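For reference, the chains in residue letters:
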Number of protein chains: 4
Amino acid sequence: MTHRLGANQYGKAETRVVRIVRDTPVHEIHDLNVSTALRGDFAAAHTTGDQSRVLPTDTQKNTAFAYAKLHGVSSIEDYALALGRRLLEACPAAEQAQIKVERYAWDRIGDHSFARRGGGVRTAVATVGRDEAHVLSGIQELVLLNTTDSEFKGFLVDELTTLPEADDRILATSLVARWRHGSTDVDWNASYDAALATLLRTFAGTYSRALQETLHAMGGALLDAQPGLAEVRFSAPNKHHFLVDFSGFRVDGLTNEGEVFVAADRPYGLIEAQVLRDDAPPAGDAWLAVAGFC
Amino acid sequence: MTHRLGANQYGKAETRVVRIVRDTPVHEIHDLNVSTALRGDFAAAHTTGDQSRVLPTDTQKNTAFAYAKLHGVSSIEDYALALGRRLLEACPAAEQAQIKVERYAWDRIGDHSFARRGGGVRTAVATVGRDEAHVLSGIQELVLLNTTDSEFKGFLVDELTTLPEADDRILATSLVARWRHGSTDVDWNASYDAALATLLRTFAGTYSRALQETLHAMGGALLDAQPGLAEVRFSAPNKHHFLVDFSGFRVDGLTNEGEVFVAADRPYGLIEAQVLRDDAPPAGDAWLAVAGFC
Amino acid sequence: MTHRLGANQYGKAETRVVRIVRDTPVHEIHDLNVSTALRGDFAAAHTTGDQSRVLPTDTQKNTAFAYAKLHGVSSIEDYALALGRRLLEACPAAEQAQIKVERYAWDRIGDHSFARRGGGVRTAVATVGRDEAHVLSGIQELVLLNTTDSEFKGFLVDELTTLPEADDRILATSLVARWRHGSTDVDWNASYDAALATLLRTFAGTYSRALQETLHAMGGALLDAQPGLAEVRFSAPNKHHFLVDFSGFRVDGLTNEGEVFVAADRPYGLIEAQVLRDDAPPAGDAWLAVAGFC
Amino acid sequence: MTHRLGANQYGKAETRVVRIVRDTPVHEIHDLNVSTALRGDFAAAHTTGDQSRVLPTDTQKNTAFAYAKLHGVSSIEDYALALGRRLLEACPAAEQAQIKVERYAWDRIGDHSFARRGGGVRTAVATVGRDEAHVLSGIQELVLLNTTDSEFKGFLVDELTTLPEADDRILATSLVARWRHGSTDVDWNASYDAALATLLRTFAGTYSRALQETLHAMGGALLDAQPGLAEVRFSAPNKHHFLVDFSGFRVDGLTNEGEVFVAADRPYGLIEAQVLRDDAPPAGDAWLAVAGFC
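Computed from a prediction, not measured in an experiment: that's the story for all the values here.

Novice: Sorry, what's going on with the overall build of chain A here?
Specialist: Along the backbone of chain A there are 5 helices and 12 strands. In terms of its C-alpha atoms, chain A occupies a principal-axis envelope of roughly 75 × 65 × 40 Å. Within the span of chain A, comprising 294 residues, buried residues form 63% of the whole. Long-range pairs, those at least 24 residues apart, make up 66% of the contacts in chain A between residues at least 6 apart in sequence. When the accessible surface of chain A is totalled, it reaches about 10,200 Å², and 48% of it is carbon and sulfur. Taken as two groups, the 29 positive and 39 negative side-chain charges of chain A have centres that lie 8 Å from each other.

Novice: Sorry if this is basic, but what is going on with the relation of the copies chain C and chain A here?
Specialist: Mapping between the two copies of the chain is achieved by a rotation about an axis and a shift along the axis. Once turned by 180° and shifted 0.0 Å along the axis, chain C lies on chain A with an RMSD of 0.0 Å. When the rotation and shift are considered jointly, the pair of chain copies conforms to a two-fold rotation axis. No C-alpha of chain C approaches the rotation axis more nearly than that of Gly-118 of chain C, which lies at 1.9 Å. Mapped onto chain A, 100% of the interface residues of chain C are again interface residues, and the two copies thus contact each other with one and the same surface.

Novice: So what exactly am I meant to see when it comes to the environment of Ala-124 of chain D here?
Specialist: Residue and element names in this part refer to chain D. Take Ala-124: it is sitting in strand β6 (residues 121-129). In this structure Ala-124 comes out as buried when scored by relative accessible area, which is 1%. For the pair Ala-124 and Val-34, spaced 90 residues apart in the sequence, the C-alpha separation amounts to 9.7 Å. Non-local contacts of Ala-124, meaning those with residues more than four positions away in its chain, are made with Ile-76, Glu-77, Ile-99, Lys-100, Val-101 and Leu-136.

Novice: Just checking my understanding: could you explain the relation of the copies chain A and chain B for this structure?
Specialist: Rotating chain A by 180° about the axis while translating it 0.0 Å along that axis superimposes it on chain B, leaving an RMSD of 0.0 Å. The share of interface residues of chain A whose copies in chain B are also at the interface is 100%, consistent with both copies meeting through the same surface.

Novice: I would appreciate a short explanation of the interface of chain A and chain B in the present structure.
Specialist: Interfaces are often sized by the amount of accessible area the parts lose when they come together. On the side of chain B, 78 residues touch chain A, which itself brings 78 residues to the contact. Summing the contributions of chain A and of chain B, the shared interface buries around 6,800 Å²; its carbon and sulfur component is 54%. The largest per-residue losses of area from chain A upon contact with chain B belong to His-3, Leu-156 and Leu-160 of chain A, which jointly make up 10% of the total buried on that side. Between the two partners, chain A and chain B, sit 8 salt bridges. Put simply, Arg-266 of chain B and Glu-14 of chain A hold a salt bridge, and the shortest N to O gap is 3.0 Å. Those elements that provide at least two residues to the side of chain A that touches chain B are β1 (3-21), α1 (43-47), α2 (57-70), α3 (76-90), α5 (211-225) and β12 (268-277) of chain A.

Novice: Hey, could you run me through the domain arrangement of chain A in this one?
Specialist: Residues and elements named next belong to chain A. On domain assignment, one finds that chain A holds domain 1 (9-131) and domain 2 (139-294). With centres defined by C-alpha atoms, the gap from domain 1 to domain 2 works out at 29 Å. Contact with domain 1, which involves 19 residues of that partner, is made by 14 residues of domain 2. Buried surface at the junction of domain 1 and domain 2, summed over both partners, amounts to about 1,300 Å²; 49% is from carbon and sulfur atoms. Per-residue buried area on domain 1 facing domain 2 is highest for Val-121, Arg-122 and Thr-123; these three make up 32% of the total on that side. Inspection of the domain 1/domain 2 interface yields 0 salt bridges. Listed by contribution, the elements that provide at least two residues to the side of domain 1 that touches domain 2 are α3, β3 (94-104) and β6 (121-129). It is β6 that contributes the most residues to the side of domain 1 that touches domain 2, 5 residues altogether. Looking at the side of domain 1 that touches domain 2 residue by residue, the class counts come to 3 nonpolar, 9 polar and 7 charged.

Novice: Sorry if this is basic, but what is going on with the interface of chain C and chain A here?
Specialist: Facing 51 residues of chain C, the contacting portion of chain A comprises 51 residues. Here chain C and chain A share an interface that buries about 4,500 Å² over both sides, 62% of which is from carbon and sulfur atoms. Summed over the shared surface of chain C and chain A, the result is 4 salt bridges. For Asp-168 of chain A, the salt bridge goes to Arg-22 of chain C, with nearest N and O atoms at 2.7 Å. For the pair chain C and chain A, the interface holds 28 residue pairs in polar contact (both at pLDDT 80 or more). The set of elements that each furnish at least two residues to the side of chain C that touches chain A consists of β1 (3-21), α2 (57-70), β4 (106-110), β5 (113-116), β7 (133-146), α4 (188-205) and β11 (260-263) of chain C. Broken down by element, the side of chain C that touches chain A gets its largest block of residues, 6 residues, from α2 of chain C. Grouping the constituent residues of the side of chain C that touches chain A by class yields 28 nonpolar, 13 polar and 10 charged. Here 3 bridges tie strand β7 (residues 133-146) of chain A to β5 of chain C, and the two strands are oriented antiparallel to one another.

Novice: Looking at this structure, I do not really get the side chain of Glu-259 of chain D. What am I missing?
Specialist: Within the fold, Glu-259 of chain D resides in the loop between β10 (241-243) and β11 (260-263). According to the relative accessible area criterion, Glu-259 of chain D is buried, its value standing at 9%. Not counting residues up to four positions away in its chain, the partners in contact with Glu-259 of chain D are Val-18, Arg-19, Ile-20, Arg-22 and Lys-69 of chain B together with Leu-243 of chain D.

Novice: Just to check I follow, could you spell out the side chain of His-181 of chain B for this structure?
Specialist: Residues and elements named next belong to chain B. With respect to the helices and strands, His-181 occurs in strand β8 (residues 171-181). A polar contact is formed between the side chain of His-181 and the side chain of Ser-137, at a distance of 2.7 Å. Those residues in contact with His-181 that lie beyond four places of it in its chain are Val-135, Ser-137, Val-186, Trp-188, Ser-191, Gly-228 and Leu-229.

Novice: Is there a simple way to think about the pattern of salt bridges in this case?
Specialist: One pass over the structure, following the stated rule, counts 72 salt bridges over all chains. Ionic pairing is found between Glu-89 of chain C and Arg-86 of chain C, a salt bridge with its closest N-O pair at 3.1 Å. Here the residue Glu-89 of chain C and the residue Arg-86 of chain C both occupy positions in helix α3 (residues 76-90), the gap between them amounting to 3 residues, near one helical turn. Given the relative accessible area of 8%, Arg-86 of chain C is considered buried. Taken together, the shared-partner salt bridges in this structure form one network comprising Arg-86 and Glu-89 of chain A together with Asp-158 and Glu-159 of chain B.

Novice: Looking at this structure, I do not really get unusual backbone geometry. What am I missing?
Specialist: What is expected of a backbone is that most residues other than glycine have negative phi and most peptide bonds are trans. With an omega of -10°, the peptide bond running from Arg-266 of chain A to Pro-267 of chain A counts as cis. Take Pro-267 of chain A: it is sitting in the loop between β11 (260-263) and β12. Positive phi is not limited to glycine here, since Glu-14 of chain A has a value of about 65°. Note on placement: Glu-14 of chain A falls in strand β1. The exposure class assigned to Glu-14 of chain A is partly exposed, which follows from its relative accessible area of 21%. Backbone geometry places Glu-141 of chain B, a non-glycine residue, at a positive phi of 55°. Inspection of the secondary structure assignment puts Glu-141 of chain B in strand β7 (residues 133-146).

Novice: Looking at this structure, how should I read the packing of aromatic side chains?
Specialist: Between two aromatic rings, the relevant description is the distance of the centres plus the angle of the planes. Within this structure, the stated rule accounts for 20 aromatic pairs over all chains. Here Tyr-10 of chain C and Phe-42 of chain C contribute two aromatic rings whose centre-to-centre distance is 5.1 Å and whose plane-to-plane angle is 80°, an arrangement assigned as edge-to-face. Taken together, the residues Tyr-10 of chain C in strand β1 and Phe-42 of chain C in the loop between β2 (28-40) and α1 (43-47) connect sequence positions 32 residues apart. One Lys or Arg, Arg-122 of chain A, reaches over the ring of Tyr-192 of chain A and ends 4.4 Å from the middle of that ring. Between Arg-233 of chain C and the ring centre of Trp-287 of chain C, over which it is positioned, the NZ or CZ distance is 3.9 Å.

Novice: Explain the packing of helix α4 (residues 188-205) of chain A against α5 of chain A here, please?
Specialist: Two quantities define a packed helix pair, namely the angle between the helix axes and the distance between the axes. Residues and elements named next belong to chain A. Where α4 contacts α5, the axes come no closer than 9 Å and their chain directions differ by 140°. The handedness of the crossing between α4 and α5 is right-handed. Packed against α4, whose contacting residues are Ala-195, Thr-198, Leu-199, Thr-202 and Phe-203, the element α5 presents Thr-214, Ala-217, Met-218, Ala-221, Leu-222 and Ala-225 at the interface. Looking at the contact of α4 with α5, its residues break down into 8 nonpolar, 3 polar and no charged.

Novice: Is there a simple way to explain the packing of helix α2 (residues 57-70) of chain B against helix α3 (residues 76-90) of chain B in this structure?
Specialist: Residue and element names in this part refer to chain B. Packing of α2 against α3 brings their axes to within 10 Å, and their N-to-C directions diverge by 135°. As the angle between them shows, α2 and α3 are arranged oblique. Where α2 crosses over α3, the handedness of that crossing is right-handed. Together, Gln-60, Thr-63, Ala-64, Tyr-67 and Ala-68 of α2 and Tyr-79, Ala-82, Leu-83, Arg-86 and Leu-87 of α3 make up the contact between the two elements. Residues that form the contact of α2 with α3 fall into these classes: 7 nonpolar, 2 polar and 1 charged.

Novice: What am I meant to see in the confidence of the model for chain A here?
Specialist: Any residue range with low pLDDT should be treated as having predicted coordinates unsuitable for detailed reading. On average, chain A scores 97 in pLDDT, and the residues at 70 or more come to 100%. Confidence metrics for the complex model read pTM 0.98 and ipTM 0.97.

Here is what the cut-offs are and how they apply
Residues numbered from 1 in each chain as written. Chains lettered and ligands numbered in written order. Predicted model: local features only at pLDDT ≥ 70, side-chain atom pairs only at ≥ 80, totals over all residues. Heavy atoms only, no water. Helix = DSSP H or I, 4+ residues; strand = E, 2+ residues; numbered from the N terminus. Buried < 20%, exposed > 50% of the residue type's maximum accessible area, 1.4 Å probe, protein only. Contact = heavy atoms within 4.5 Å. Areas by Shrake-Rupley, 256 points an atom, 1.4 Å probe, with all protein chains shown as cover. Lys, Arg positive; Asp, Glu negative; His and termini not counted. Charge placed at Lys NZ, Arg CZ, Asp CG, Glu CD. Least-squares fit on C-alpha atoms with pLDDT ≥ 70 in both. Buried area = accessible area lost by both parts, 1.4 Å probe. Salt bridge = Lys/Arg side-chain N within 4 Å of Asp/Glu carboxyl O. Domains from an automatic or database assignment. Nonpolar A, V, L, I, M, F, W, Y, C, P; charged D, E, K, R; others polar. Polar contact = N/O pair within 3.5 Å; in protein donor to acceptor, adjacent residues only side chain to side chain. Pairing = 2+ DSSP bridges. Phe/Tyr/Trp six-rings, centres within 6.5 Å; stacked < 30°, edge-to-face > 60°. Lys NZ or Arg CZ within 6 Å of the ring centre and 35° of its normal. Axes fitted to C-alpha atoms, helices over the stretch in contact; angles between N-to-C directions. Left-handed = near helix turned anticlockwise from the far one by under 90°. Parallel < 35°, antiparallel > 145°, perpendicular 65-115°, else oblique. pLDDT = per-residue confidence, 0-100.

Here it is as structure tokens:
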């Protein structure tokens, strides 16, 4: 009985590229975490150890640094596309390059001074082939919370169900959202800013009968607002905030009317869902090896 | 232009189930991290907020606890299959349940006393449908290192390549490996023990011209040793250990002949690869939503 | 040869208290991580297992939740003081209560909707005794970066020194700063806001010959601006950003004039320093068990 | 009103030194995380930016690497002492060097092949002055668990106490323990091995009325067993394992007699305590800047 090599890829993960633009006294910063991967005919490296077709991951790292200067980072999507195209050019055996970029936001506190903002991290994934390219924009670690207008009731009950129905609960998530563009001819930064605004506005404005419903509303609103988007995917932990039980506290008049909660770490609900435009162009390999979505 | 719900799933992630078997004075411990997910016809929860088909994630958590007692944990694979089957039974709208289990190992230090071992974490993923079930066994966080018998040379060079060839380097990885069983009629613990031994022995005994070659040898050895396995997948960071440059140190006789290295955090190479038996049965959805493999 | 119990304390760490103020339709959120510790005559618990003087850590947790309602969280310093006083009252054997609070900031995105801000986390430590109380205010995880106006040269050189002098480098840190108040009669929120503004302004406005000099300027500015403060302490990793060496890249005209850096993880410089007002009142146990300062 | 520099120190933290001994075909590995700090007269660096007395942290890092070869790592205590002495020699302004070392254990799987063991991490802290030196040995991340022989009852009750008494609970901790040697003339490895064995044996063999009592027994046993030790300190989170409440599960005969627990993340009890030999020599600065002990 014999065996064979199946799907494979290789690359350099988490190169921490920091690009300072110092053309004027008012500097700019692009603080990136860049991962590259190549797919194609690299079987010999696996089966015989022959590296002659392999562009080293060290070179991929060098390229990420060099392209931060040679091409620049007008947006992470544009940078990812340029980097992917370069790697295909440099490595003939590769059929596809996938570039993942995370961008950490900084607030300006001076002409050449910054404080890291925290909060949601903007992301891009460019999957670049010899003939086509796909781009996913997104955000991760976006922690959102509604203090009311969230219920959970009418659910299926079996003999192991103990959860009471909730009329008014905290709804919170640490959102990962990615949306696929229908083309690569996009004003990336304007699109991102608009998308984030739509997601926040819809989260804040939607009465929720389940996290699923909130996500679906957010995805629908995003597709409605931006005709150039083909689909949206969410991976959303339900970060439970349990009402603290004050019933055993022997203090006169002490009640807990949705005021004091404990934020739990684990376990957490986990909802994953996709909303597609009916006429969405095919995704190809846009989502291949992108973790966190069913 | 309209849109629609695409693929979706929901469940409870990272329930920390600890099962103590205290039938005799010599206790046993099963220390688990359990994640469950259901897929099926849950569209109404997304589109109208109707929860009537939704078995709450809280109930899924309860079921994980209850089944640790009702069914027991003879192996994590067996427990995952039982849990998946129960969830399908309890939730008619579900077409598929996917159960992921991590098991933390403990060393016995007394009849009822244990020290957590650390090292590699045993894993199982059971994907249970109404008609078929798939099981992946595996290990993660298995950190392996060879101090010699590893080279990297003869690679493709472009104008951004600066890496020198290496005749004798450290090879190290924090391995994630998963292997798919061809059936569910398996002696899970014996199979796991044998698989781990094969992986370690092959890693230690293989001269490496690239991490790819080492992984391929490990996957092939595993399939050769266990006819019941259909395929193996690896996600392997190349944990770089760089030789420290002593050339600038002005100390007589101080050299570094492969003796002092710095262990780097980021970036790291990342190799993902699959080895399949030629007559492997179809994988179905066995790998759906399993992160870390291309 | 005999032995005896030395210093000891016990408490509940990292209680995740979330207090929602919903008195009007515009809700407020106080998202806290609360740790309490008691010190006093608890020897019997250690030596004979006698718990009769021990207020359980579970009760300390309950108290943290109850006081978020009973006392409220007008500021984390005020809340910490109230919680400390209550614990002393409830536990006669305790001579001292130390309360540590972290507060995660949220941005409002709707009347009852919030997005977690990230960035620096506000902190307070109240050490409450039967006769006196001390309060430290502070911030942690405040990541600051200057893209220029930082040098490092003229340092001591021995035979193992290989670092070149730097005329113009990135200076970055993830600051932990704590400042001790001379009394407990303080407008805590106003003081904090002013302190943070002073720290940011001084970081941005100081030419740096070493991170030590920058910290000293920040501490001095803080004491100058707020007469009520007795001292400031900093724990500041020097988060190295190394200029990427483009000299081996064979691309015409490609140079790196302080534009492309790699952000390193480990190792990092670590500077700890204290600036005191000359007439600072005694610190007592204010800093006892507060990690991260020499 | 003027201010002045107070206590300060600087150094290089978390240098990841990997030393391979390849004198014979059976290689050895010393996998270390090394942090160095210097204290002394470095005021000018803070107040005027004058670096002339400052041995750069980069040089400290180089020294950590060089001494892994020049001096070797027969034990981490011996290596830390040598490194501290060297830094004092190289930096005249320093009055004290403090060296912290963590050692990650590996299991041999071949002559030049290793698998990282996980579990407890061995530690050493050497505080080296011009006239005296102190050494702390220790272990951290040592996760221990007893499935029975642990109770918690008879505790103080106030109006916010809701915890029921427990006759038979899980006791678990992730221990940090450090013990101070009375001299530097010690067989470090033999002492460490014996200390770890004593700690494990005492944890397993002690009936516990509180984590405090268990720690005290462990500390006492350690001092009894090794006359050369002056004191022991513990920082021990009480890693709560809560019995899962099956009372709401509507399954005939399903009970939970100490068999199924949920391992909680936060909050956790936190016990810190010290056991001293009655005639312990003075500690000097041995514990200065060592986090995690009251």
